[in-house]
Every structure is written in C-alpha cells, then in structure tokens.
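# Geometric and topological summary
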Amino acid sequence: MAEQPHGRRPKRVLEDLESRPNGLSNGEVRRRREEHGENEIVQGGGRSAVDIFVAQFDSVLIWVLVVAALLSIWAGHTIDAVLIAVIVVANGIFGFVQDYQAERSLESLRELAAPTATVRRAGESRTVDATELVPGDVVVLRGGDVIPADGRLLEATGLEVDEAALTGESVPVSKASEAVDPDAPLAERSSMVYKGTNVTRGKGVAVVTGTGMETAVGAIARELAATEETETPLQGELDRLGRSLGIGVLALSALVAPLLILRGTDAIGAALTAVSLAVAAIPEGLPAVVTLTLALGVRRMSAENALVRRLPAVEALGAVDVICTDKTGTLTKGQMTVSRCWVHDAVLEFDEEQAARTEAANGGALADAESVVGDTTGAADGAAEADAPSDHEELLLRIGALCNDSTLEEGDPTEQALLEAADRRGLDREALRAENPRTGEVPFSSERKWMGTVHGDVGYVKGAPEVVVDNCDRVLTADGPAALTDERRERIETRVREFGDDALRVLAMAYREEPASPDDLADGLTFVGLTGMIDPPRTEVANAIAATNRAGIDVKMVTGDNVRTAGAIAETLGIGTEVLEGRAIEGMDDATLRERVESVDVFARTSPEHKVRILRALQDRGHDVAMTGDGVNDAPALKNADVGVAMGIRGTDVARQASDVVLLDDNYATIERAVERGRTIFDNVWKFVAYLLSANVAEVALVFIASLFGYLILPAVQLLWINLLTDGLPALALGADPNSGDVMDRPPRDPEQGIIGRPMLALVGGVGAVTTTVMLGLTLFTLAGAAAVTPYAMTMVFTGFVFLEFEKLYVIRWLRGTPTLSNRWLAAAVAASVALQLAVLYTPLNRYFGTVPLEAADWGLIAAVLAVCLPAYIGVATVVQRTWQ
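First things first, this report covers the structure right here in the doc. (Residues numbered from 1 in each chain as written. Predicted model: local features only at pLDDT ≥ 70, side-chain atom pairs only at ≥ 80, totals over all residues. Heavy atoms only, no water.)

### Points about the side chain of T526
With respect to the helices and strands, the residue T526 is situated in strand β18 (residues 525-534). Within the local environment of T526, its side chain forms a polar contact with the side chain of R474, the two groups lying 3.4 Å apart. T526 has contacts with C472, R474, V475, L476, M509, A510 and Y511, leaving out every residue within four places of it along the chain. (Helix = DSSP H or I, 4+ residues; strand = E, 2+ residues; numbered from the N terminus. Polar contact = N/O pair within 3.5 Å; in protein donor to acceptor, adjacent residues only side chain to side chain. Contact = heavy atoms within 4.5 Å.)

In structure tokens, the structure reads:
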C-alpha cells in the first residue's frame, strides 16, 4: 500500500487490499497464503547445545593454550600437553553447563501467540488458526482477545486495547474507525490494532493489513536478527590479553632459542627451554577461573531472581554507568490502582505516601477534608484494615463496583482498579451485585466516553469528567444534593486539573434516581465525586534508584507513555524532571541528540527507533549502558545495549530473547543487587588476574635470566604444576570473596580503563620484580656454584615459588579491601594446595616432577624467603594504592 492505512478511510483501505466487509473468498485466501506465507514471527530458536559448546572456545587465550599444548607434544612433554588439554576442556564444560541451563530456563518462560482468530470469509464467520490469516482477511475482535495480526479498524464499539507491550502505554487506549493524522506515531494510531496486543473491552472489526514479519512486531524481530552481538568489556580484555601473550611468547621463544644455541646448548635443550618459557608465560587457568567465577556469581544472582543468559554479562552489568529503564511494569507495578478520591470536598488518599504528600501540600492538615489511608497491598498481605468508609465515599465506591463489566481476574484495568479499591475499603462486591441486580445499561463507547447501569430505582454513571459533569445538574455535598452552580462546577474542574497534574487518570461518578430507562442517564445526574488512578511505582524502586545513583549510575526513563505520566513518575522516584518527547527526537540529528542526551532524565512517547538512537547517543559519549524493558518495543534497544535486562513475568518472548539478563521477579530493585554483584565479581576477577599475571611474570623472568646462565631451573612440568596449584583451587576460591563493603559507594570505573590498567601493571611489575629477585638469590644459594641444575636446587625454587604465591594472594586481597579471614573457602583451598605440594615432595609422585624431599632446615630457609618478601609485597601494594586508588 502506497500510504499508511491509519490515515485512510476504511472503505479506501478495503479497496487497496482488494477485500470486502464480508471477507475474502476461500480461493483468494489460499492464493494469498502462498504469496505471504504463515502469519507467524520468524525468530531464531534458542542456541543449540552444539552451538553453545563451540562458543566456549571462541577465545584467543584458549587458542594460545592449544598452541602451547602442541608445542609441548613436539618437545616430548606429553604430560604438560595433557594437563593443558584438561584445563581447556574443563573450561569449556563449565561454561557450557551454565549457558545451557540459562537457555533452557528461558525456554520455560516463552509465551504463545494468539492460537485462533474469528474471521469473516465468504460472508460467514468462522474460527481459524491465527497462523492462517492473510492480508485482506476481516477479523472480529472481542474483549479478552489477543489481536492476531496488524489491522485497520472498520468498526469499533467501546473498543480499548492494551498496547503496553508494543508502545509502553500504561493504560489501555481507545480505538475508533476514523482515520488519524498520517504522521501520527504508532502509539497514537487509534484506527489501527497490532499483532500481540490485547483487547481489554468492547468489540470491533478490522481488516488485516499485515501478517507475520510484515507486522509491527515482525519489523522489530527483523531488526533484532540484523543486530550483531557485542562483546562485553571482559571478553574484549581477555581476547586482547590472549593476543598479547601469544605475540609475547613467540617473540620470547624466537629470542631465547637462538641465544641458547649460540651459547652451546643443543637444539633439543633450546626447544625445551622455549617451551618452558611458553608454559610460564601463559596463565592456563585464567579462562577457567574467569568462567567459574562468573558462574558462581550467576548462581547467586539466580537465587536473587536474576537469570543470566550469557556469563560475561555479569561483569558487564557491574561496569555500567547509565541505566535506561522502561516505566510500565518495570518501575511501576504494571496495574492501575485507585490512588485518590474526592467527594464533597474531601480528599481521600488510598496510600500512606500519597497521604503524607497531600497533607504536606495542605500545610500539615487537610482542612475540612477527610484523609483516609487504605491498605494498598490488600488484606491478604496482612496489612491493617482501613476504617469503614463514609457514606459518600461508600456511594462513590459502590458506583465504581456496580457500573463495571470486569472482574479482578480479567477485564479493563481501570475497572479492575475500581473493584480493588472497593475491596480495600471493605465493601462486599458479591453482596452488592446480588442486592443490586442490573436491570439496564448503556455500554461505554469512545464517542460517548461514559458508561451507565440501572439497578432498579437508581442509575449509576462513570466516565470522563468533562462529559459526566456536563450531564449533571446537582452535586452531592455534606448536606445532601445541591444545585450544581458555576462556582461548584469550577471547583470540580480545578480538582480534575490537580488530579491530572499528578498524572492520575480521572473518572467522574454520578447517579440518577428512578430513571425511566437507561437513556435517562444522559442528563439530570447528581455528581458524586472523582477517582484518580495511576499505575503506581513499586515501593522498593525509589530506594533502588537512590542506591544506583550513589554508585555513580545515571538512571534515565525511556518510555512510550505520555509526557505528563512519565514525568510525574520520574519525579516521584527521584529520577529527575527534564523530559524530552519522541517527536522532538525525530527532529534532531545524531549530533544534537548526543548533546541533549546527557541532561535529559525522561524520554517520553518514544518508538523502538527512538530508543535505539538514545542508546547509541549515550554509547557514543563513552557510556556503558544497561537497557531494561519488557515489551516488544524494547527488544532492539535491549539487544544493542551493553547489557540488556528483560522482565521475566510481564516480559514478552521477543524481549527476553534479546536480553542478557532476565529478572524473574520483574523488580527494578533486583537490578541494584545485580550491579552490586557485578562489581564484586569484577573486584574478584581483578584480584586473581593480578595474582596470576604477577606469578607468570616472575616465572618467565626467572626462567629467562637463569637460562642465560645455562640453567633450566624450572622445567615445564614444574611450571605447569605451579600454575595449576596457584591458578586452581585458590584462584577459584577468590570467586567466593565477599565484597569490600564500599562497592556501591564507588563511581563506575572508566570504560577505557579495563582490568589490566596502570594499577594492575604497576602491581604485577613490582610484585613480579620482588619475586624474581628473591628467587634468583635462592637459586644461586642452593646451586652453590654447581655447573648444572641439581634436584635439590630445583625443588627449593619450585617449592618456594608455590608458597610465595599463597603469601602474595593475601596481600592482593588486602589491597582491594577484603578482610583477611572473610573467605573460609580460600583458607581451605590454600590448605589443599599445600597438601598437594607436599605430595609431590614426599610421595612417589616426586619421580614425575624431578623433586626430592626437603629437610627441616630447608623449610627454615623457605620461611626466611617468605619473611623477606612479605614487607616488600606490602610496600609495592601500598604504593599502588596511594598512587592510583
């Protein structure tokens, strides 16, 4: 179609689609199905087990280890090669198990699309599989239906549709068949209905304008499919480390082997030394330790209702400095709630926080108004019952409960809010309906904007204030009904504006005594009062936002909801007050948006395209951005974000598939805990990377310098054992380190400063220099002038290295503010590693490692080495801390 159908008259849309009000012929349906295919969204079904397993080895560091294993085999060091292979495979298995479990957990959350649709074909109504719909089909819509395809309305009677999943609109929107502005944004196309949204009330008839991937949802799915996965900061750093180590190993081996041959060493001896240097340079355990630490964090986060789909997202979440969050169902409860009522000049508050704000605004008292504080969570939660309502308040709630077509389980959210308010104030709805049977009604319509019901000798009306008040000639006061004077009318209008300024959805309630028929409800009414409803913020969200702000994280609301509602919620939660509307974004180029994006707190009436532009503008300014959301409209931004966080309960399948993290409780406060967990994990990764690299630097320096003097002081098998002991259990136990207590009081780290920054390099270089110097001294002392390496000297240096690593481990933890005795797993891991080292000294295993048992005096010498190194390590750590932290 040349023009958008929402801006064209229904008759013209039918002509464009070559359809008729009574539907397509069966033959035409078959032809169009062949042309357009099935009415379903084509999504990449989750990753297969093979894909998940292969992805675990997509790392430069892993391939460097594979090369090291091949070199070990070439040099005849089969045991070394086997150990490296075991480490690589174990790393792959650990990562696979976690990712596979997350993928399967996500599958259990998937939702099904509308399975059937009522369609007119060849003049007959029939129920068909929703996948069989084609453009031009005429579908019939009723309350409770899931809309099966995009369509242009031909008829609409009181039709309201919940489009929150697509547009972010917090309340159902009224639909009509009249054409709208051709340039209207998607959220304001009242003449259209969209696949996957829900009819909350009324009925309608629509001609299908798009099916499958040609729907609004399909366009989003297509954009997701074209989006490439982005690597997290940790993934990038590990890959850069792997490349650097690979180049360094090749360069070092190319330098050492010729030098040794020139010094008279045979080619095999030179090759063995080169392999030893390669093994010393590569932190074999690093990939496995990173994977397991992330997996441990993931397990803890899962217990805290955050399902992590991709392991590196844990660390990335801890590095974000901007959170772009949706509003509906994320910051708010996702359900309409009566917040405030007004009857005969009495303001009735339904939650304690709002009551306090209203009282403060009235100078500490409500004058002649009555403040009624109700239980916002319901009696089932054990909260105190509110006082019995006054007569006039009870009448207001009675009208809301009886002039109502919904139940608490299903129906229009606005009507459900009225029922829930009646429950909270102690009214027995079932008894009310039994005692006041409905004898007539005027259904709600978007044109009429009110609904009326007759119950014997009284009629009740609820609807838009401007319409209901116009139909009233009296008003209920404290002294009974009185004439609706201009002054009283103005007071009602002022109160409506005040409710609206607080982003409340306002309904007016009225009644008429002894109506002759439902038609009498159109005039002669007595005005009773107003109800103000809102999708309220989650109670814990304000504190969570305050905590993330203290952590240096800027929170921005990005929503499809209207400006006034979004701004009011944002101000209440402490997000901020500067609002930018989607229409304004459309008029900005990328450079202008980049300038504005920092200062704006709320982006309202945004489309999926706006959200992605906002995200990219923030990323272009150097921010690490987490995007939260639950709707289809959030999916492109979720996938493009540094970390995409979707809702598990309210979230659509499209949003969850696009995300890195799924909140199983849909609670924004869970994000705060996830950020804290991510920062703690980063601290722990920093600790063991510093620990591993400082060991490898000392090993390489010692082997290199000793080889220049003709000594191969540590053969490859011993170097690998040192790495296995130190990179193994103790390094893994670091993943269980608690946080230092100040992780949420620090600003986010500079995105340009990774793990291996200047503090890391200074610590690794300083500690490595201390270790190398002391161990060279121990080497020369134990060799005592021997022309070749002796088993005794080799054993002393080998064992000294192991114990120095454990000492250094506690110094590095102290540097990051971790209490010494706070991790019992670490103490157990060190004890187990010491036992393993003793086993290779005092059991038959020593024949494989070339070691000899040590005497008591030898242990005294090792203790002296530890005593010399400890203050030197602490000195280096102190300098690093004072200089960079």
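Don't stop here, the text continues.
### As for the pairing of strand β23 (residues 643-647)
Where burial is concerned, most of β23 is hidden: five out of the five residues are buried. Burial along β23 is two-sided: the face carrying V643, V645 and M647 and the face carrying G644 and A646 are both buried. Sheet topology places strand β22 (residues 625-629) next to β23; four bridges connect them, and they run parallel. Looking across to β23, one finds that M627 is bridged to G644. Between β22 and its parallel partner β23, the chain crosses via helix α23 (residues 635-640), and the hand of that crossover is right-handed. The pairing of β23 with strand β24 (residues 661-663) spans three bridges and is classified as parallel. (Buried < 20%, exposed > 50% of the residue type's maximum accessible area, 1.4 Å probe, protein only. Pairing = 2+ DSSP bridges. Right-handed = clockwise from strand over helix to strand, strands pointing away.)

### Comments concerning the pattern of salt bridges
The final tally for this structure, using the stated rule, is 37 salt bridges. Residues E415 and R201 are paired through a salt bridge, measuring 3.4 Å at the closest nitrogen-oxygen approach. One end of the pair, E415, is in helix α14 (residues 413-424); the other, R201, is in strand β7 (residues 198-210), and 214 residues separate them in sequence. A single burial state applies to E415 and to R201, both of which are buried. (Salt bridge = Lys/Arg side-chain N within 4 Å of Asp/Glu carboxyl O.)

### Observations concerning the environment of V347
The topology assignment puts V347 in strand β11 (residues 346-349). For V347, a relative accessible area of 6% gives the class buried. Sequence spacing of V347 and L530 is 183 residues, and the spatial spacing of their C-alpha atoms is 9.5 Å.

### Quick look at the environment of A130
Structurally, the position occupied by A130 is in the loop between β2 (124-129) and β3 (138-142). Overall, the relative accessible area of 3% leaves A130 in the buried class. For A130 and E40, which are 90 residues apart along the polypeptide, the C-alpha to C-alpha distance reads 8.4 Å.

### Quick look at the packing of aromatic side chains
For the coordinates displayed, the defined rule picks out four aromatic pairs. Aromatic side chains W342 and F527 sit 6.5 Å apart centroid to centroid with 50 degrees between the ring planes, which places their arrangement in the tilted category. Of the two residues, W342 sits in strand β10 (residues 337-343) while F527 sits in strand β18, which places them 185 residues apart along the sequence. Relative accessible area serves as the criterion here: at 1%, F527 is assigned to the buried category. For the pair W721 and F849, a centre-to-centre distance of 5.0 Å together with 65 degrees between the ring planes defines the contact as edge-to-face. One end of the pair, W721, is in helix α26 (residues 716-727); the other, F849, is in helix α31 (residues 846-849), with 128 residues separating them in the sequence. Across this residue pair, the class does not change: W721 and F849 are buried. Site record: aromatic cluster; members linked through ring pairs are F803, F806 and W859. (Phe/Tyr/Trp six-rings, centres within 6.5 Å; stacked < 30°, edge-to-face > 60°.)

### Description of the sheet that holds β23
Spatially, β8-β24-β23-β22-β9-β19-β21-β20 is the arrangement adopted by the eight strands of the open sheet, whose pairing is mixed. The open sheet has two free edges, formed respectively by β8 (306-308) and β20 (579-581), since each of these has just one partner strand. On average, each strand axis in the sheet is inclined to that of its neighbour by 20 degrees, with strand direction left out of account. (Axes fitted to C-alpha atoms, helices over the stretch in contact; angles between N-to-C directions.)

### Description of the packing of helix α18 (residues 541-550) against helix α25 (residues 668-708)
Axis separation between α18 and α25 bottoms out at 8 Å; the angle between their running directions is 30 degrees. Taken together, the axis directions place α18 and α25 in an arrangement best described as roughly parallel. Considering only the axes of α18 and α25, their crossing is left-handed. Note on element contacts: α25 touches α18 through Y668, A669 and E672, opposite V541, A544, I545, A547 and T548. (Parallel < 35°, antiparallel > 145°, perpendicular 65-115°, else oblique. Left-handed = near helix turned anticlockwise from the far one by under 90°.)

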